[in-house]
Amino acid sequence: MRSRKLASSPSTTSPSNSSPHASLSTPPPSSWFWRSCTWCFRVLAILIIIAVVVFVLVKVFGLEHAIMRRLMRLGRDISRAKAHHRLHNNSWGAVVPVLMGTETPLALPEDLPTTGPTFTEDELLQYDGTDPSLPIYIAVKGRVYDVTLGSAFYGPGGKYAHFAGHDCSRALCEGCLEERCVTGNLTGLSRAEMRDCDRWVELFEFHDKYKYVGMIRNYVPYVPPDEDAEGDRRSNRAADIESLRQLAEEMKRAEEKKRADAEKLRMEQKARRAAVRANLQKRLDEAQQQQQQQQQHQTQPKQRQTR
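Residues numbered from 1 in each chain as written. Predicted model: local features only at pLDDT ≥ 70, side-chain atom pairs only at ≥ 80, totals over all residues. Heavy atoms only, no water.

Concerning the overall build of the chain
Secondary structure assignment for the chain yields nine helices and four strands. Seen in sequence order, the chain has helices and strands lined up from the N terminus as α-α-α-α-β-α-β-β-α-α-α-β-α. A burial count over the chain gives 23% of its 307 residues as buried. Pairs at least 24 residues apart make up 63% of the contacts formed inside the chain by residues separated by at least 6 positions. Total accessible area computed for the chain in this model is approximately 22,700 Å², and 58% of it derives from carbon and sulfur atoms. (Helix = DSSP H or I, 4+ residues; strand = E, 2+ residues; numbered from the N terminus. Buried < 20%, exposed > 50% of the residue type's maximum accessible area, 1.4 Å probe, protein only. Contact = heavy atoms within 4.5 Å. Areas by Shrake-Rupley, 256 points an atom, 1.4 Å probe, with all protein chains shown as cover.)

Printed below as a string of structure tokens:
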């Protein structure tokens, strides 16, 4: 009974534990913020590592040129898609073929007008953006365009500032930003590369900010070699190379046969000389035996007489 009363009696612990809020623990500081920061730092570190790895791979394998060419084409095709969208009554159906590279050209360079003033290379160089009172001109395939409204790109300090005042056809076709590539000489480009150059002409011709001005004086368009004729020449070269290879193999076989015949003849001559030497040695031995026998016959009568 005594134990039951003690068990059923209220606890004599501290007043703080007997309060109604004693069962509730003190809330910890807000840790979700620190967890979020930790995850953000981890993601940032992973992105930095990926960027460093990509940078190293690009430098090791020399992919800067290919990446720059892809980026330039992407920017060009986006601007061309906007032009197609605008000129086809805001139809989005004209945008997808441009991005896929299967579009019908708005106009080929040879079909565009060639009116307006003409410029020499020295005259065109005056419009390189260094003089604020003059517009900024660039040329593509002999066609001169006013790109003053794109001074953020072609003006002083812009990414393509060294294109201003020059025919930059080859630099655009090859995606090369070096000074050596800023030229209108397209010699050596294939038909596919020339079609890519026509897309650059289309960009400047139908851009909503750029406008056609004139032509390069005495410009002679480059015509790439016919692919079929080039293929025939390559086939003929391949056939010539194959015939030369067969001729070389035949000459090699003939030389090997000649060496084998010479070796066979040398062995036959060696065997013949050995046989002759053996025959002579045999005769010499027989002659010596006969001489010895004769000497023996001659000495026998003398011995009998002495007896």
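There's plenty left to go through after this.
Observations regarding the state of the cysteines
Counted by the stated rule, this structure contains one disulfide. Residue pairing for Cys176: its cysteine sulfur links by disulfide to Cys181, the two sulfurs lying 2.2 Å apart. Taking the sign of the S-S torsion, about 65° here, the bridge from Cys176 to Cys181 comes out right-handed. Here Cys176 and Cys181 have matching classes, each one buried. (Disulfide = S-S within 2.5 Å.)

Looking at the nonpolar core
Among the nonpolar cores identified, the biggest contains 28 residues, and Tyr154, Phe163, Leu172 and Phe204 are the most heavily contacted of them. Secondary structure elements with two or more residues in this core: strand S2 (137-140), helix H7 (169-174) and helix H8 (191-205). The greatest single-element share of this core, amounting to six residues, is contributed by H8. The residues touching Tyr154, leaving out its near neighbours within four places in the chain, are Ile136, Ile138, Val147, Tyr160, Ala161, Phe163, Ala164, Phe204 and Tyr210. Listed in part, the eight residues of the second largest apolar core include Phe119, Leu124, Ala139 and Val144. (Core = buried A, V, L, I, M, F, W, Y, C linked by side-chain atoms within 4.5 Å.)

Here we look at the sheet that holds strand S1 (residues 118-119)
Across a sheet, paired strands are connected by hydrogen bonds in the backbone, their directions being either parallel or antiparallel. The strand order S1-S4-S3-S2 describes an open sheet built from four strands, whose pairing is mixed. Of all strands in the sheet, those with a lone pairing partner are S1 and S2, marking the two edges. Inspection of the sheet shows S1 paired to strand S4 (residues 211-216) by two bridges, in the parallel sense. Each bridged residue has a counterpart across the sheet, and for Phe119 the counterpart in S4 is Ile216. (Pairing = 2+ DSSP bridges.)

Regarding the pattern of salt bridges
As enumerated under the stated definition, the model contains 14 salt bridges in all. Two residues, Glu205 and Arg143, come together in a salt bridge whose shortest N-O distance is 3.2 Å. Here Arg143 lies in strand S3 (residues 143-146) and Glu205 lies in helix H8, a separation of 62 residues in the sequence. Under the relative-accessibility criterion, Glu205 is labelled buried at 17%. (Salt bridge = Lys/Arg side-chain N within 4 Å of Asp/Glu carboxyl O.)

Structural notes on a nonpolar patch on the surface
Together, Phe41, Leu44, Ile48, Val52, Phe55, Val56 and Val60 line one region of the surface with nonpolar side chains, adding up to about 710 Å² of accessible area. Judged by relative accessible area, which is 59%, Val60 ranks as exposed. (Patch = residues over 30% accessible without salt bridge, like charges linked within 9 Å, V, L, I, M, F, W, Y side chains within 5 Å.)

Structural notes on the packing of aromatic side chains
Across all of its chains, the model carries 10 aromatic pairs by this definition. With 6.0 Å between their ring centres and 85° between their planes, Phe119 and Tyr127 make a pair best called edge-to-face. With relative accessibility at 18%, the residue Tyr127 sits in the buried group. On the basis of an interplanar angle of 20° and a centroid distance of 4.5 Å, the ring pair of Tyr127 and Tyr137 is categorised as stacked. Residue Tyr127 is found in the loop between helix H5 (121-125) and S2, and its partner Tyr137 is found in strand S2; the two are separated by 10 residues along the sequence. Residue Tyr127 shares its accessibility class with Tyr137, and that shared class is buried. Ring-pair connections join several aromatic residues into one group, and the members of that group are Tyr145, Tyr154, Tyr160, Phe163, Phe204, Tyr210 and Tyr212. (Phe/Tyr/Trp six-rings, centres within 6.5 Å; stacked < 30°, edge-to-face > 60°.)

A short note on a positive patch on the surface
A contiguous patch of positive charge, built from Lys270, Arg272, Arg273 and Arg277, is present on the exposed surface. Here Arg272 is to be found in helix H9 (residues 227-306). (Lys, Arg positive; Asp, Glu negative; His and termini not counted. Charge placed at Lys NZ, Arg CZ, Asp CG, Glu CD.)

Some details on the side chain of Ser169
Structurally, Ser169 is set in helix H7. With residues up to four places along the chain from it excluded, the contact list for Ser169 reads Ala139, Val140, Lys141, Thr183, Gly184, Leu186 and Cys197.

Considering the confidence of the model for the chain
Summing up the model confidence of the chain, the mean pLDDT is 80 and the portion of residues at 70 or higher is 82%. Between the elements of the chain, mean pLDDT differs from a low of 42, seen in helix H1 (residues 2-8), to a high of 95, seen in S2. Note on residues 1-27: pLDDT under 50 across the span, and two contacts to partners over four residues away in sequence or across chains. (pLDDT = per-residue confidence, 0-100.)

Thoughts on the pairing of S2
Residue alternation in S2 divides its side chains into two sets, Tyr137 and Ala139 and Ile138 and Val140, and both sets are buried. The loop that links S2 with its antiparallel partner S3 comprises two residues; one of these, Lys141, has a positive phi angle of about 55°.

Quick notes on the pairing of S4
With four bridges joining them, S3 and S4 adopt antiparallel strand pairing. The partner of Tyr145 across the bridge, within S4, is Tyr212.

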